[in-house]
Amino acid sequence: MKKTLAIILALVLTLGLASSALADDSWPTLRVEVFDRDTPGLKVAEGWQAKYAQENFGDPNQINIEFVGYARWGGEEGLIAADLAAHIAPDICITYNNNKIVDQYIEFDGLWKLNDLLEGAPNLKAFLTEEGDDLLQVGQRDGVQWFLNARRISRANVGIFIREDWLKELGMEKPTNIEQLTAYLEAAQEKKLGGDNTVAFPFGIYESDPMFNVRRITDAFVDFAQVSEEDWYAYSKTPEMLPGAKEGFRWLNKLYNEGIISESFALQNNDAANDTAMVMGYNGFFTGQPDQPWRTDKNYEIELEKNVPGGHWISCSPFVNESLGKALRDIYTPAGLLIFVPKDSDEEHAKMAFKYLDWLATPENLFAMQNGTEGINYEKLNEDGIPVGVKAAADVPDENKIHAGDIAFISNGLYYGSAEKNAAALSLPFTGYEEDVKAAYLDSMTDTWTQIGWSVPIQAVTDYEGTVRGAEAKFIADVVSCDPAEFDTVYDAGIEDIKSAGATEIIDELRANFQAGNATGTFPGNK
Amino acid sequence: MTVNAAKPAKKKIHWFRRDWRLYVMLILPVAFYLIFCYKPMAGIMLAFQKYNPVVGMWGSKFIGMKNFEDVMKLADFKPALVNTLWLNLLGLIAGFPVPIVLAIMLNELKAIKFKKVSQTLLYLPHFLSWIIIGGMVLQIFAPRTGVINALLMKWGWIDKSIPFLTDGPHWQGTYTFIGVWQSMGWGTILYLSAITGINMELFEAAKIDGANKMQQIWHVTLPGIRSTIAVLLILNIGQMMNISFDRPFILKNAQVRDYCDVLSTFVYRIGIEKAQYARATAIGLFQSLVGLVLISSANFTIKRLGEEGIW
């Protein structure tokens, strides 16, 4: 009894000491931007990761680390842009947005040139160049390193899922082409497999980038015999104009008129409603992220099983492009979010920033910042050193909650030291569903093409993207919901509308930049 | 005489001495207006600059009217302008008389408890955030699954959904209706206080002359609040070019884009989302100038009609 008491007292003392060692007023403060993804119970600015960084980096170096949270779901770019303009942005800034903010600051010399700072951060440099120099080149303009990009561990982007229990009920096999998928959707809708609320295909419009989800479908209809590599790049912002894509919209229009796509699809920018339909078992098919059914924050699979006994999502690949004979899926570029240091930070802070990034890049710190504590955030390590039995955020006490994704933002995705381990780790957090998740990743990395990027600012995109996106959203709403007899007219009018909204200017400028060699990405067709 | 000569000087001191507390109290509001309304006006410069975020507006290059030209040639500008004016006009026509009628009705209520409960219920929507109203609208007006459509279909009154939210003109009707519903109660406050200010003797005199309730309202109440109506009308017309952001932003959807895109959502999309602050400022300035013209002409007309106007 005495012994236990002594241990408890000792623990309390050490904990007390540890926390009292935080934050000395005489130390300089390094402000670091982090995304706040609204995880219930997690205050990113004072969470476990912030404390870990303070204790293991701040205290030994006599620096106060301040995490500055920016709402990820609510226009993170706008917030950081406003703070940059007001000269109160953190010392280390991050954004997923390429050309809106950073290019403006590069143009006016408002960022630290990172070449020398990076040389002074060997761990960071080694981490970022492990797979070659490509990643650093993304942030360079004429040899000047203006920003860094996080490493993207998993480049998979597209997951396509179908209800295995519905397939069984209909006596169907997993669809391997669009025809079979159509038959499945029609049968499921007709038999109302999800009850009165059945919407076999939950289709919605993501207004800030309407083609983002839709091109996964329409690309399957593109006639690559008619698409040159140059066209592919020139139309990369407006894939609805690729030859053949029209038939993809005609397919969607057919589904709408058969009641498979909901009448209110254009109103569905409300994620919460979609999540509910998904877990209540109203839906039979969807496209999303490669691990969408098992994501730890809202697990469609487990929630679905609670509501619909036997409910089960599996990956499928029905969107086969006939002109190529394969089901195309896009993948991310190897470059993740952008990291930069604004000029408003003085040299001392710029150096501290890189000291921090270098600290973050050492394996044990990156591991801790991404995985948390053994026994709390995960059960144990397996023989490869990968955590197993990873807990959902809701099952972790508040003071130990972490956001694995982008608080350790030099790595987009969990990093375990080698490509093989990283791939193996992708399915491990989803206990009980490892095989499903593996199959989904395999599908999402089969017959891929890398998303297109541009190494220079595209003026027409700055000028017209807003109006073009609006016209695209309207176009999709119109062509999907119109009377099939009017489809061709509506389609043509919509394309004209998109063109006059500025798509013509964007296409021309992208074409010129492709010719000038400013494009990155891949062309899935035959060159 | 000497006494008289000294009086004005003494009076002056007296005037300040007597009211100095009031002037002290005035410091805060004046400071508020200087800091938050006048100082930011310098930002109008942005509309004529190629904005350099690194040095800010004091160091950016002057480029004349280029931002205005760039914005106005965008395909979405004209529809956004037309929709702003049209939706505001609809709101004015449908929404302006409602609070007046309501105020008169509330005023005529004799049961105090019932009157108070009605007033509170009428004010309530004003305090709901548009986010919440947006959610309610979706539940009520959505095609097929919305309460109204679902009920009408169940009763067999319609066999196709009424496209409250998915057809342009319908959407504009829904938008206007929701706006009126949300603000009508709140709008009655000024009228109610104006009605309270009407001399009771006028009502008594009308009664003695044999005027019934409707005649009293027509000949006493309405003329009594005429100047309030005029002032509010001028202010409303002055706001014709301004449209709030949250209401159209929350209620809009892709299907009715040509009918729902207004200047505020347009500015957000091309200015704020794209970090193009100079262009956003240019549109803001344009809106203000048109607003100034509108409010001046409304004021002029009202004065011509014999009312007091606002200046």
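What counts and how
Residues numbered from 1 in each chain as written. Chains lettered and ligands numbered in written order. Predicted model: local features only at pLDDT ≥ 70, side-chain atom pairs only at ≥ 80, totals over all residues. Helix = DSSP H or I, 4+ residues; strand = E, 2+ residues; numbered from the N terminus. Rg over C-alpha atoms; globule rule 2.2 N^0.38 Å. Buried ≥ 20, exposed ≤ 12 C-beta atoms within 10 Å, placed from the backbone. Contact = placed C-beta atoms within 7 Å. Expected span 1.5 Å × (residues − 1). Arc of directions from axis to C-beta. Domains from an automatic or database assignment. Nonpolar A, V, L, I, M, F, W, Y, C, P; charged D, E, K, R; others polar. Pairing = 2+ DSSP bridges. Right-handed = clockwise from strand over helix to strand, strands pointing away. Core = buried A, V, L, I, M, F, W, Y, C linked by C-beta atoms within 7 Å. Axes fitted to C-alpha atoms, helices over the stretch in contact; angles between N-to-C directions.

## Brief notes about the overall build of chain B
And then number 1: Scanning chain B from N- to C-terminus turns up 15 helices and two strands.
And then number 2: Computed over the C-alpha atoms, the radius of gyration of chain B is 26 Å, more than 25% above the 19 Å expected from 2.2 N^0.38 for a compact globule of 311 residues.
And then number 3: Within chain B, the proportion of its 311 residues that are buried is 29%.
And then number 4: Put simply, of all contacts in chain B between residues at least 6 apart along the chain, 65% involve residues at least 24 apart.

## Structural notes on the overall build of chain A
And then number 1: Of the regular secondary structure elements, chain A holds 20 helices and 19 strands.
And then number 2: For chain A, whose C-alpha radius of gyration is 25 Å, the value lies close to the compact-globule estimate of 24 Å for 527 residues.
And then number 3: Expressed along its principal axes, the backbone C-alpha trace of chain A runs to roughly 80 × 60 × 35 Å.
And then number 4: Within chain A, the fraction of its 527 residues that count as buried is 47%.

## Observations concerning helix α4 (residues 97-108) of chain B
Residue and element names in this part refer to chain B.
And then number 1: Between its first and last C-alpha, α4 extends 17 Å over 12 residues, near the 16 Å set by a 1.5 Å rise per residue.
And then number 2: Here α4 has its buried residues at P99, I100 and A103. Relative to the axis of α4, the buried residues are bounded by an arc of 105° and lie together on one face.
And then number 3: Where α4 is buried, its residues contact α8 (168-196) and α11 (226-238).

## Considering the domain arrangement of chain A
And then number 1: You can read the domains of chain A as domain 1 (25-154 + 333-420) and domain 2 (159-328 + 447-520).
And then number 2: Looking at the side of domain 1 of chain A that touches domain 2 of chain A residue by residue, the class counts come to two nonpolar, three polar and one charged.

## Looking at the domain arrangement of chain B
All names here are of chain B.
And then number 1: In terms of domains, chain B is made up of domain 1 (1-47) and domain 2 (65-304).
And then number 2: Summarising the inter-unit geometry, the C-alpha centres of domain 1 and domain 2 are found 37 Å apart.
And then number 3: Each side of the interface is counted separately: domain 1 has four residues, and domain 2 has six residues.
And then number 4: Across the side of domain 1 that touches domain 2, the residue classes tally to three nonpolar, one polar and no charged.

## Section: the pairing of strand β2 (residues 64-71) of chain A
Residues and elements named next belong to chain A.
And then number 1: For strand β1 (residues 29-36) and β2, the ladder comprises eight bridges, and the chain directions are parallel. Among the inter-strand pairings, R31 is bridged to a residue of β2, identified as E66.
And then number 2: Between the parallel pair β1 and β2, the chain is carried across by helix α2 (residues 48-61), and the sense of this crossover is right-handed.

## Description of the nonpolar core
And then number 1: Counting 182 residues, the largest nonpolar core has A:I339 and A:Y356 as the members making the most contacts within it.
And then number 2: In terms of residue count, the dominant contributor to this core is helix α19 (residues 459-481) of chain A (11 residues).
And then number 3: In terms of nonpolar packing, the next biggest core, distinct from the first, is built from eight residues, B:A230, B:M241, B:I295 and B:I302 among them.

## Considerations on the environment of A:Y235
And then number 1: When you line up the elements, A:Y235 lands in the loop between α11 (229-234) and α12 (245-257).
And then number 2: Sequence separation of A:Y235 and A:Q451 is 216 residues, and the distance between their C-alpha atoms is 12 Å.

## Thoughts on the interface of chain B and chain A
And then number 1: In this assembly, 27 residues from chain B lie in contact with 31 residues from chain A.
And then number 2: Partitioned by chemical class, the residues of the side of chain B that touches chain A number 12 nonpolar, six polar and nine charged.

## Here's the deal with unusual backbone geometry
All names here are of chain A.
And then number 1: The backbone of D38 sits at a positive phi, close to 60°, despite the residue not being glycine.
And then number 2: Secondary-structure assignment places D38 in the loop between β1 and α2.
And then number 3: Although it is not a glycine, D447 sits at a positive phi angle of roughly 50°.
And then number 4: Looking at where D447 falls in the secondary structure, it is placed in the loop between α18 (434-444) and β17 (448-450).
And then number 5: Its 15 C-beta neighbours within 10 Å are what place D447 among the partly exposed residues.

## Structural notes on the sheet that holds strand β8 (residues 285-288) of chain A
All names here are of chain A.
And then number 1: Here three strands make up an open sheet; going across it, the order is β8-β7-β9 and the pairing antiparallel. The open sheet has two free edges, formed respectively by β8 and β9 (313-315), since each of these has just one partner strand. Neighbour-to-neighbour, the strand axes of the sheet open up by a mean angle of 30°, direction not taken into account.
And then number 2: Of the strand pairs in this sheet, strand β7 (residues 159-163) and β9 are connected by three bridges, and their pairing is antiparallel. Looking at the pairing, F161 lines up with S315 of β9.

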